[in-house]
Amino acid sequence: MSEESSTHFGFKTINENEKAQKVGEVFHSVARNYDLMNDVMSAGLHRGWKRFAVEISGVSAGGRVLDVAGGSGDMSRLFAKKVGDTGEVVLTDINASMLAVGRDRLIDAGLTAPALQCDAEKLPFPDQYFDCVCVAFGLRNMTHKEKALAEMQRVLKVGGRLLVLEFSQIWKPLAPLYDAYSFKLLPLMGKLFAKDADSYQYLAESIRMHPDQETLRQMMLDAGFAKVDYYNLAAGVVALHKGWKI
Amino acid sequence: MLKPLLTKLLNHLINQNLTAKEQLQPFASKSVNFRLPPLNVTLVVLEDGGLAIAGESSTPEATVTIPMSVALRLLANDEAANSLITLEGDSELAATLAKVLRGFSWNYEEDLSRIVGAMPASKVTSFGRKATEQVSAQAQNATASLTEYLREDQQLIAANYAIQQFLSDVDDVRDDAERLAKRLQKLEAAITEKLNKKPAA
Ligand SMILES: C[S@@+](CC[C@H](N)C(=O)[O-])C[C@H]1O[C@@H](n2cnc3c(N)ncnc32)[C@H](O)[C@@H]1O
C-alpha cells in the first residue's frame, strides 16, 4: 500500500478505494436506526446543535441551500422551513439507504426537496449556485476532505456561507470521561439499539481522527474561504464552523 | 449552551424590531466587540440582518467601550453620556449596532400571549406593568444611591445642579461675548467714520 493511496477508517489505515465502500457499508447498516441512535448518543443534543447551525446561517426566505451528506434529512427539513416556498433546498448523500430515509422523512413532514445521490468530492452543480452549503456530521467520513471543501466552496455564490457541524476536540479536562463514553458505551449502545456494534465502533473512532477546531478552520481557509469562525458547543464535543466566500 | 441561547434571544428581539434588521443587513458577517467591564461580548451580524454571538475565532471589525461610570449614566437616561462611549475601528458599523441595541424594545405582551393565550395576556400585563413599575422604581432608587455615591463621595459624576450652574454660566459668557462683539462693531464703525471724515476736513 503506497503512502498516497492509504487513508483512515476509524483507527485502521486502509486502502483509499476501500474507505468509501466501508463507510458506505457502515451507513447502509445503520440507516434505519440512525435517528434513534443519534438521539441516544448525543442525549438529544444534536437537534439543538442543528437548529443553532441553521440560525447562524443567516439564510432568509427565498434562499438556495445545499445539504451535503444530508442522510437523515434533519438539516434539509430545518432549512426548508427557513427558505419557504420561494426558496430551494437540495438534499444529497453518497449513500442510497441514508438518502432514502432522509427523503421519506421530508415527505412525511409535508416538504418536498429534490434528493440526489452524489459524492461531496464531485458535486454535480454549477459554480456559484447556492447561498448556503451545510454538512452536518458528514465531513469526517470523507476520504479527501480538502477536495470536498473545495467543491463546496465552488458551488457557493460570492457572499455564500459554508456551515460544518462536526465532532471536534473536547475541552481537555473532560476528555477521559468522553473516551470512556465513546469507546465503551457507544459500541455497547450500538449493539443494543441498532444491533451493530462494529459500525458504532467506527463512528467513535472516526470522531477521534477528525481534525480539531483550528486545523479545520485552516483547511477551510486553504479551500478558498475568505473568513472562517467557529463555535465550540458542549465544551467542544461538537464544533460549528462558518466560512464565508467573498 | 450559552451562545445558542443568547443568539436565540437576540434574534427573537430583532424579529420584533424589524427596522433593526434593515439597518444591520449591510454589515453582514461583520462583528463588534462590546466592552462593558467586566463584561466582554462580541456580536456578529448575520446575512439576513439578524444578530448572533460571535464564535471563538472571530476578529471584530469594531470595538465599543463603555466604562462603568458611563454605563451608569446611560442607565439614568443621561443622554450626554452617549458622547463618552468610545468607538474604534469601523465606526459606522459600531455606531449602527450600538444604536440598534439601545433602541431595542421588548414586545412582552405578544410573547406572553403565546404562552398564556391572548385573553389573559392583557390581564397578566396590566398586573405585570404595575410590578414592572415597582421594579423599575426600585432600580431607580438603587441607581440613585449609587449615583449619589459616585457623585458626592467619588466626584466621578457631576451633580445635576452643578451642570445646571455650568450651563447657565456658559449662557452668561455667550451673552457677554455677544455684547462685547456688538460694542467692538460699534467702535469700529465709529473709527471708520472718523477716518473718513478727516481727509475731507
Ligand atoms: C453521520 S451521517 C450525517 C447525516 C445528517 N447530516 C445528520 O446530521 O443527521 C453522515 C453521512 O455522510 C454520508 N457520506 C459519507 N461520505 C460521503 C461523501 N463522500 N459524500 C457525500 N456523503 C457522504 C454518509 O452516507 C452518511 O449519510
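Read on for a plain summary of the structure. Owing to the predicted nature of the structure, the values given are computational and were not obtained by experimental measurement. (Residues numbered from 1 in each chain as written. Chains lettered and ligands numbered in written order. Predicted model: local features only at pLDDT ≥ 70, side-chain atom pairs only at ≥ 80, totals over all residues. Heavy atoms only, no water.)

## Considering the site of the ligand
All names here are of chain A.
Part 1 of the argument: As a structural note, the neighbourhood of the ligand is formed by 21 residues, with Lys50, Ser72, Asp93, Ala120 and Ala136 the closest of them.
Part 2 of the argument: Between a nitrogen atom of the ligand and a main-chain N or O atom of Ile94, the distance comes to 3.4 Å.
Part 3 of the argument: The protein chains hide 97% of the 600 Å² of surface that the ligand would expose on its own.
Part 4 of the argument: Mapped onto the shell around the ligand, the elements with two or more residues apiece are helix 1 (16-30) and helix 2 (34-42). (Near = heavy atom within 4 Å. Polar contact = N/O pair within 3.5 Å; in protein donor to acceptor, adjacent residues only side chain to side chain. Areas by Shrake-Rupley, 256 points an atom, 1.4 Å probe, with all protein chains shown as cover. Helix = DSSP H or I, 4+ residues; strand = E, 2+ residues; numbered from the N terminus.)

## Things to note about the interface of chain B and chain A
Part 1 of the argument: With 20 residues of chain B at the interface, the matching set in chain A holds 21 residues.
Part 2 of the argument: At the boundary of chain B with chain A, total buried surface from both sides reaches about 1,500 Å², with 54% on carbon and sulfur atoms.
Part 3 of the argument: Linking chain B to chain A there are three salt bridges.
Part 4 of the argument: Two residues, B:Glu61 and A:Lys227, come together in a salt bridge whose shortest N-O distance is 3.7 Å. (Contact = heavy atoms within 4.5 Å. Buried area = accessible area lost by both parts, 1.4 Å probe. Salt bridge = Lys/Arg side-chain N within 4 Å of Asp/Glu carboxyl O.)

## Concerning the pattern of salt bridges
Two side chains with opposite charge may pair up if their charged atoms get near one another.
Part 1 of the argument: The tally for this structure, following the rule as stated, stands at 17 salt bridges over all chains.
Part 2 of the argument: For A:Lys122, the salt bridge is made with A:Asp119, and the minimal N-O distance between the two is 3.9 Å.
Part 3 of the argument: A:Lys122 sits in the exposed class, given a relative accessible area of 56%.
Part 4 of the argument: Classification of A:Asp119 as partly exposed rests on a relative accessible area of 22%.
Part 5 of the argument: Close ionic contact of A:Lys242 with B:Glu47 constitutes a salt bridge, the shortest N to O distance being 3.0 Å. In this pair, A:Lys242 is assigned in strand 9 (residues 238-244) and B:Glu47 in the loop between strand 2 (39-45) and strand 3 (51-53), connecting two distinct chains. Like B:Glu47, A:Lys242 is buried.
Part 6 of the argument: Within the structure, one salt-bridge network assembled from shared partners comprises A:Lys50, A:Asp74 and A:Arg77. (Buried < 20%, exposed > 50% of the residue type's maximum accessible area, 1.4 Å probe, protein only.)

## With respect to the packing of helix 3 (residues 45-56) of chain A against helix 4 (residues 74-83) of chain A
Residue and element names in this part refer to chain A.
Part 1 of the argument: Contact geometry for helix 3 and helix 4: axes closest at 10 Å, N-to-C directions at 40 degrees. Considering their axes alone, helix 3 and helix 4 lie oblique with respect to each other. Of the two elements, helix 3 crosses helix 4, and the hand of that crossing is right-handed. Here His46, Lys50, Arg51, Ala53, Val54 and Glu55 of helix 3 come into contact with helix 4, specifically with Asp74, Met75, Leu78, Phe79 and Lys82. (Axes fitted to C-alpha atoms, helices over the stretch in contact; angles between N-to-C directions. Parallel < 35°, antiparallel > 145°, perpendicular 65-115°, else oblique. Left-handed = near helix turned anticlockwise from the far one by under 90°.)

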